[in-house]
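Given next are the chains, with one letter for each unit.
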Amino acid sequence: MTLTVSVLGTGIMGAAMARNLIKAGHTVRVWNRSAGKAAPLADDGAVVAPNPAEAVRDADVVLTMLYDGAAVREVMSEAFPSVKAGALWVQSTTVSLSDVDQLAAEAGQHGLAFFDAPVLGTRQPAEAGQLTVLAAGPADRRDEVTPVFEAVGARTVWLDRPGAATRLKLVANSWVLALTHAGAETLALAEALGVDPDMFFELIEGGPLDNGYLRAKAGLIRAGKLSPAGFAVTTAEKDARLIAEAGRQHGVRLDLAEAGAERFRRAAEQGHGDEDMAATYYASFEN
Ligand SMILES: NC(=O)c1ccc[n+]([C@@H]2O[C@H](COP(=O)([O-])OP(=O)(O)OC[C@H]3O[C@@H](n4cnc5c(N)ncnc54)[C@H](OP(=O)(O)O)[C@@H]3O)[C@@H](O)[C@H]2O)c1
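Please read all numbers here as calculations on a predicted model, not as lab measurements.

## Overview of the sheet that holds strand β9 (residues 153-158)
Overall, mixed pairing links the three strands, which are arranged β7-β8-β9 in an open sheet. Each of the sheet's edge strands pairs with one partner strand only, and the pair in question is β7 (119-120) and β9. Relative to strand β8 (residues 131-135), β7 is paired through two bridges, and the arrangement is antiparallel. Its bridge partner lying in β8, Val119 is registered against Val133.

Right, dumping it as structure tokens:
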């Protein structure tokens, strides 16, 4: 089935998702706040729109991939009057649990079918169309939205209701962020103690303490390849705060998430905000 899909937000993830939707044969309309990030998609075959209202005209599916819930509300308030009734809204931005409820309610008020659809995977899986989509929305519209998930992802995990997908996403990101900080701090400690990091990696090699993600992030730090970011420090800080807030609201203390958010804030303050979140490493040093 060929659809008209409007992608609002063509940052790291949105641009890659838009390109894969085009490759899958869909008609893709894009908009981004900074026009410079949407313009190159014209060469791939996207229609570049000057504002959200123009971008969503004639769309069967609106896909939001923005920074946070506030950005989604702001952009969709401009888009709502132009979206055709009955269109599908795939909301892939990582937002708070209360944002999901609010956005789902707004979708209902404007006659849109809302899919809570955050994704797992970073720049490279997004570019390869290999994301994992966590999806929850009206069961009777699943078949219509499936071609979109198949274009951007390798796997769709269906959940029973909006909010459940974002819950699972926050749980998964809690693990991802904790691993990133743990690897960065371990390297910082090795450096401070004069321990060759290779000795540490040899020590854990192939055993239960070894971990592919640790090796990937440590590799970026050691090679100084933190730009372009797969997942930027400022975005990771936003997610850490969403995780800590979700924990607080549900009666659990998440000390690592709180401390991790502060590490990301310090790294951003040191000038690493646009670098990959592995730059949390720098937060271990005064400057
Ligand atoms: N990168 C990853 O590995 C990854 C993985 C899974 C999920 N996510 C989630 O996916 C979302 C996008 O992440 P990303 O890595 O693609 O980030 P990104 O490259 O920074 O893109 C963020 C997008 O949001 C736009 N934006 C921010 N504030 C806005 C506002 N007030 N109004 C309109 N547009 C606004 C930005 O526009 P400008 O270009 O004008 O700044 C940009 O298009 C985030 O929620 C993130 O948590 C990221």
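## Quick notes on the domain arrangement of the chain
Along its sequence, the chain is organised into domain 1 (4-160) and domain 2 (166-284). Listing elements by their share of the side of domain 1 that touches domain 2, those giving two or more residues are α5 (97-109) and α6 (123-127). A breakdown of the residues in the side of domain 1 that touches domain 2 according to their chemical character gives nine nonpolar, four polar and three charged.

## Some details on unusual backbone geometry
In the segment running from Ser227 into Pro228, the intervening peptide bond is cis, with an omega of -5 degrees. Residue position: Pro228 is located in the loop between α10 (212-223) and α11 (233-249). In the Ramachandran plot, Asp58 falls in the positive-phi region, its phi being about 70 degrees despite a non-glycine side chain. Summarising the element assignment, Asp58 is placed in the loop between α3 (52-56) and β4 (61-64).

## Focus: the nonpolar core
Judged by nonpolar contacts, the single largest core of 84 residues is most densely connected at Met17, Val30, Val61, Val62 and Val148. Of the residues that make up this core, three or more belong to each of domain 1 (4-160) and domain 2 (166-284). Those residues within four positions of Val30 in sequence are excluded, and the remaining contacts are Val7, Thr10, Ala18, Ala38, Leu41, Ala46, Val48, Ala49 and Ala55.

## Things to note about the site of the ligand
Of all residues adjacent to the ligand, which total 26 residues, the nearest are Gly11, Arg33, Ser34, Thr122 and Phe231. Elements supplying a minimum of two residues to the shell around the ligand: α1 (12-23), α4 (69-79) and α11. Each residue belonging to the shell around the ligand can be placed in one class, and the counts come to 10 nonpolar, 11 polar and five charged. If you count residues domain by domain, the shell around the ligand takes at least three from each of domain 1 (4-160) and domain 2 (166-284).

## Section: the sheet that holds strand β1 (residues 4-8)
As summarised here, the arrangement of the six strands in space is β3-β2-β1-β4-β5-β6, forming an open sheet in which the pairing is parallel. In the strand order of this sheet, the two ends are held by β3 (47-48) and β6 (113-116), each with one partner. Bridge count for strand β2 (residues 27-31) against β3 is two bridges, and the pairing is parallel. For Val30, the partnering residue across the bridge sits in β3 and is Val48. The strands touched by α5 within the sheet are β5 (88-91) and β6, with β6 carrying the most contacts at an inclination of about 160 degrees.

## Here we look at the UniProt feature "domain: 3-hydroxyisobutyrate dehydrogenase-like NAD-binding" (unreviewed entry) in the chain
Listed under "domain: 3-hydroxyisobutyrate dehydrogenase-like NAD-binding" (unreviewed entry) in the UniProt record, and renumbered for this structure, are residues 163-281. Here residues 163-281 runs as 71% helix and 0% strand, with 32 Å between its end C-alpha atoms.

## With respect to the packing of α11 against helix α12 (residues 255-272)
Across the interface, α11 lies against α12 with an axial gap of 8 Å and an inter-helix angle of 160 degrees. When the axes of α11 and α12 are compared, the pair comes out roughly antiparallel. The hand of the α11/α12 crossing is left-handed. Between α11 and α12, the contacting residues are Val233, Thr234, Ala236, Glu237, Ala240, Arg241, Ile243, Ala244 and Gly247 on the first element and Ala257, Glu258, Gly260, Ala261, Phe264, Arg265, Ala267, Ala268 and His272 on the second.

## As for α5
A rise of 1.5 Å per residue sets the reference length of α5, with its 13 residues, at 18 Å; its end C-alpha atoms lie 19 Å apart and thus fit the reference within 8%. Taken together, the buried positions of α5 are Asp99, Val100, Leu103, Ala104 and Ala107. Buried positions in α5, seen along its axis, are confined to an arc of 130 degrees and lie on one side of it. Opposite the buried face of α5, by more than 90 degrees, sit the exposed residues Ala105, Gly108 and Gln109.

What counts and how
Residues numbered from 1 in each chain as written. Predicted model: local features only at pLDDT ≥ 70, side-chain atom pairs only at ≥ 80, totals over all residues. Pairing = 2+ DSSP bridges. Helix = DSSP H or I, 4+ residues; strand = E, 2+ residues; numbered from the N terminus. Domains from an automatic or database assignment. Nonpolar A, V, L, I, M, F, W, Y, C, P; charged D, E, K, R; others polar. Core = buried A, V, L, I, M, F, W, Y, C linked by C-beta atoms within 7 Å. Buried ≥ 20, exposed ≤ 12 C-beta atoms within 10 Å, placed from the backbone. Contact = placed C-beta atoms within 7 Å. Near = placed C-beta within 6 Å. Axes fitted to C-alpha atoms, helices over the stretch in contact; angles between N-to-C directions. UniProt positions renumbered as here; feature names shortened; annotations may be inferred. Parallel < 35°, antiparallel > 145°, perpendicular 65-115°, else oblique. Left-handed = near helix turned anticlockwise from the far one by under 90°. Expected span 1.5 Å × (residues − 1). Arc of directions from axis to C-beta.

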